[in-house]
Amino acid sequence: NAGVTQTPKFRVLKTGQSMTLLCAQDMNHEYMYWYRQDPGMGLRLIHYSVGEGTTAKGEVPDGYNVSRLKKQNFLLGLESAAPSQTSVYFCASSYQGNSPLHFGNGTRLTVT
Amino acid sequence: EDQVTQSPEALRLQEGESSSLNCSYTVSGLRGLFWYRQDPGKGPEFLFTLYSAGEEKEKERLKATLTKKESFLHITAPKPEDSATYLCAVRVYGGSQGNLIFGKGTKLSVKP
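Rules of the game
- Residues numbered from 1 in each chain as written.
- Chains lettered and ligands numbered in written order.
- Predicted model: local features only at pLDDT ≥ 70, side-chain atom pairs only at ≥ 80, totals over all residues.
- Heavy atoms only, no water.
- Pairing = 2+ DSSP bridges.
- Helix = DSSP H or I, 4+ residues; strand = E, 2+ residues; numbered from the N terminus.
- Axes fitted to C-alpha atoms, helices over the stretch in contact; angles between N-to-C directions.
- Disulfide = S-S within 2.5 Å.
- Buried < 20%, exposed > 50% of the residue type's maximum accessible area, 1.4 Å probe, protein only.

Section: the sheet that holds strand E8 (residues 73-78) of chain A
Residues and elements named next belong to chain A.
Now for step 1: Strands sit in the order E1-E3-E8-E7 across an open sheet of four strands; the sheet is antiparallel. Looking at which strands have only one partner, the edges of the open sheet turn out to be strand E1 (4-7) and strand E7 (64-67). Each neighbouring strand pair of the sheet contributes to a mean axis angle of 20°, computed without reference to strand direction.
Now for step 2: For strand E3 (residues 19-25) and E8, the ladder comprises six bridges, and the chain directions are antiparallel. Across the sheet, Cys-23 pairs through a bridge with Phe-74, a residue of E8.

Now the structure itself:
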């Protein structure tokens, strides 16, 4: 049972490049989330989804887009990367709205 | 504004030296309080959920308690393998569905 799997684990981008981060979960969870973690800031919610085909904005959504075409996958896109998007990105999922979140091991992104 | 504050930021203990980590919160309406452990380079790992004041949960050397204003994570006779960053998070009524608001964490180091 893999849980939440994130790819890639590391990535370096130049300013203005685009990329997509992939999150896959095998727990049949309804809810999925994308967070970013920065030193001294804690984890902050970027976007989330309460089910297949749905997405919603979190606390820091600017510069990011998401899609949830299949229940098990949640994609995070950066259309034009900026140095301020250098961070560690975590995907999480939960069974329902008041269940614990289960996290992947993160993607470390550096934008130069 | 909903806020979560953890103290201390860092804690160094000798093996066997018991202590407590604090998580104080100011929220409009608490749906649940969550404790996570995070090891370097990994995603947060779920430990406990507490839903109401007076509730307690235990797991091995860890015990979490909850009052109306704060939660404590008590560590009894810690071992070096307990070294990690411990994160506290709250889920509130009326917030982004399922979202957790995280504190900045307490970094625990246990020396043999």
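Side note on the state of the cysteines
Now for step 1: Counting across every chain of the model gives two disulfides over all chains.
Now for step 2: Bridging Cys-23 of chain A to Cys-91 of chain A, the disulfide has an S-S length of 1.9 Å. Linking Cys-23 of chain A and Cys-91 of chain A, the disulfide has an S-S dihedral of approximately -75° and is accordingly described as left-handed. Of this pair, Cys-23 of chain A sits in strand E3 while Cys-91 of chain A sits in strand E9 (residues 87-94), and the two are 68 residues apart along the sequence. Of the two residues examined, Cys-23 of chain A and Cys-91 of chain A, each falls in the buried class.
Now for step 3: Paired by a disulfide, Cys-23 of chain B and Cys-88 of chain B hold their sulfur atoms 1.9 Å apart. Judged by the torsion about the S-S bond (-60°), the Cys-23 of chain B/Cys-88 of chain B disulfide is left-handed. Taken together, the residues span a long stretch of sequence, with Cys-23 of chain B in strand E3 (residues 19-26) and Cys-88 of chain B in strand E9 (residues 84-92) at a distance of 65 residues.
Now for step 4: On the basis of relative accessible area, Cys-23 of chain B is assigned to the buried category, the value being 0%.

That is the geometry; function is a separate question.
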